[in-house]
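Here are the chains, one letter per residue:
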Amino acid sequence: MVNPLMYVFRPKVTEEFKFSDTELDALGSEMKAKINKVFGHSLAIRELDSGSDNSTELEISNLGAPHYDVERFGISFVASPRHADVLLVTGAVTLNMAKAVLKTYEAMPSPKFVIAVGDDACNGGIYKGSYAVLGGVDKILPVDIKIPGNPPSPKEILRGIFALVKNKENEN
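Rules behind the numbers
Residues numbered from 1 in each chain as written. Predicted model: local features only at pLDDT ≥ 70, side-chain atom pairs only at ≥ 80, totals over all residues. Heavy atoms only, no water. Helix = DSSP H or I, 4+ residues; strand = E, 2+ residues; numbered from the N terminus. Buried < 20%, exposed > 50% of the residue type's maximum accessible area, 1.4 Å probe, protein only. Lys, Arg positive; Asp, Glu negative; His and termini not counted. Salt bridge = Lys/Arg side-chain N within 4 Å of Asp/Glu carboxyl O. Polar contact = N/O pair within 3.5 Å; in protein donor to acceptor, adjacent residues only side chain to side chain. Pairing = 2+ DSSP bridges. Axes fitted to C-alpha atoms, helices over the stretch in contact; angles between N-to-C directions. Contact = heavy atoms within 4.5 Å. Phe/Tyr/Trp six-rings, centres within 6.5 Å; stacked < 30°, edge-to-face > 60°.

Caption draft 1: Quick look at the side chain of Glu 57. Along the chain, Glu 57 turns up in helix α3 (residues 55-62). Despite its burial, Glu 57 pairs with no opposite charge, the nearest such side chain being Arg 46 at 10 Å. Looking at Glu 57, its side chain comes within polar contact range of the side chain of Thr 90, at 2.3 Å.

Caption draft 2: Geometry of the sheet that holds strand β5 (residues 113-117). As summarised here, the arrangement of the five strands in space is β2-β1-β3-β5-β7, forming an open sheet in which the pairing is parallel. Where the open sheet ends on each side, the last strands, each with one partner, are β2 (75-77) and β7 (145-147). With direction set aside, neighbouring strand axes in the sheet form an average angle of 25 degrees. Two strands pair when backbone bridges link them, and strand β1 (residues 43-49) and β2 are joined in this way by three bridges, in the parallel orientation. Looking at β2, one finds that Ala 44 is bridged to Ser 76. Taken strand by strand, α3 contacts β1, β2, β3 (86-90) and β5, and its axis lies near 140 degrees from that of β3.

Caption draft 3: Geometry of the environment of Ile 140. In this fold, Ile 140 is placed in the loop between β6 (133-135) and β7. Between the alpha carbons of Ile 140 and Val 93 there is a distance of 8.6 Å; along the sequence they are 47 residues apart. If we ignore the near neighbours within four places in the chain, the residues touching Ile 140 are Val 93, Ala 98, Val 101, Leu 102 and Leu 134.

Caption draft 4: Molecular detail of the pattern of salt bridges. Inspection of the entire model under this criterion finds seven salt bridges. We note a salt bridge from Asp 25 to Arg 72, for which the minimum N-O separation is 3.2 Å. Residue Asp 25 is found in helix α2 (residues 22-39), and its partner Arg 72 is found in the loop between α3 and β2; the two are separated by 47 residues along the sequence. Notably, a salt bridge pairs Lys 34 with Glu 169, separated by 3.1 Å at the nearest N-O pair. Placement of Lys 34 in helix α2 and of Glu 169 in helix α6 (residues 154-171) is noted, with a sequence separation of 135 residues between them. By relative accessible area, Lys 34 is classed as buried at 17%. One salt-bridge network, in which partners are shared between bridges, spans Asp 21, Glu 23, Lys 155 and Arg 159.

Caption draft 5: How the structure looks around the packing of aromatic side chains. One pass over the structure, following the stated rule, counts one aromatic pair. Taking 6.0 Å as the distance between ring centres and 85 degrees as the angle between the ring planes, the aromatic pair formed by Phe 39 and Phe 113 counts as edge-to-face. Of this pair, Phe 39 sits in helix α2 while Phe 113 is found in strand β5, placing the two residues 74 residues apart along the sequence. Judged by its relative accessible area of 17%, Phe 39 falls in the buried class. Judged by its relative accessible area of 8%, Phe 113 falls in the buried class.

Caption draft 6: Local environment of the environment of Val 86. The topology assignment puts Val 86 in strand β3. We classify Val 86 as buried; its relative accessible area is 0%. Through-space distance from the C-alpha of Val 86 to that of Lys 112 is 5.9 Å; in sequence the pair is 26 residues apart. Among residues more than four places away in sequence, those in contact with Val 86 are Leu 43, Ala 44, Ile 45, Arg 46, Met 108, Phe 113, Ile 115 and Leu 164.

Caption draft 7: Quick peek at the environment of Asp 25. Under the relative-accessibility criterion, Asp 25 is labelled partly exposed at 30%. Spatially, the C-alpha atoms of Asp 25 and Phe 73 are 9.3 Å apart, while their sequence positions differ by 48 residues.

Caption draft 8: Examining the side chain of Ser 55 more closely. Mapped onto the fold, Ser 55 is located in helix α3. One polar contact links Ser 55 to Asp 53, side chain to side chain, over a distance of 2.9 Å. Excluding residues that lie within four positions of it along the chain, Ser 55 makes contacts with Asn 150 and Pro 151.

Spelled out as structure tokens, the structure:
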């Protein structure tokens, strides 16, 4: 007869894995310092899907995962546009979502900034010219930064957010 405890108390079969992304840490440290200076210790982002295929949303959700953990850099995603500094728009703006996009933007306090993430939000992407799509978000909102890609990687999204922070710092 096999002892059942043998399977509970067995040695580890995985090795210790330590991962350090020096490029991400350097970018994040610089970003945190600038966010503290420009936005007063935190940057609140409201993400809005205006008609995407969800590939960009997957990359954005990775920003909150343990590897990227953007909250350590002072960036947080908020549920309400009333608490947001930045509107992060993904997807081409569909006719059905145009009014919702405008209302979300109008609900944000000033100053407000818009970042178009992914090819669809930048210029309509593969949906450009469709009868159901207005095009990129710049058709109805003033866009401060465009982050192209289909989808852009989390690091590219972070670089785009950082570009917005640097632009805002240079204005002051």
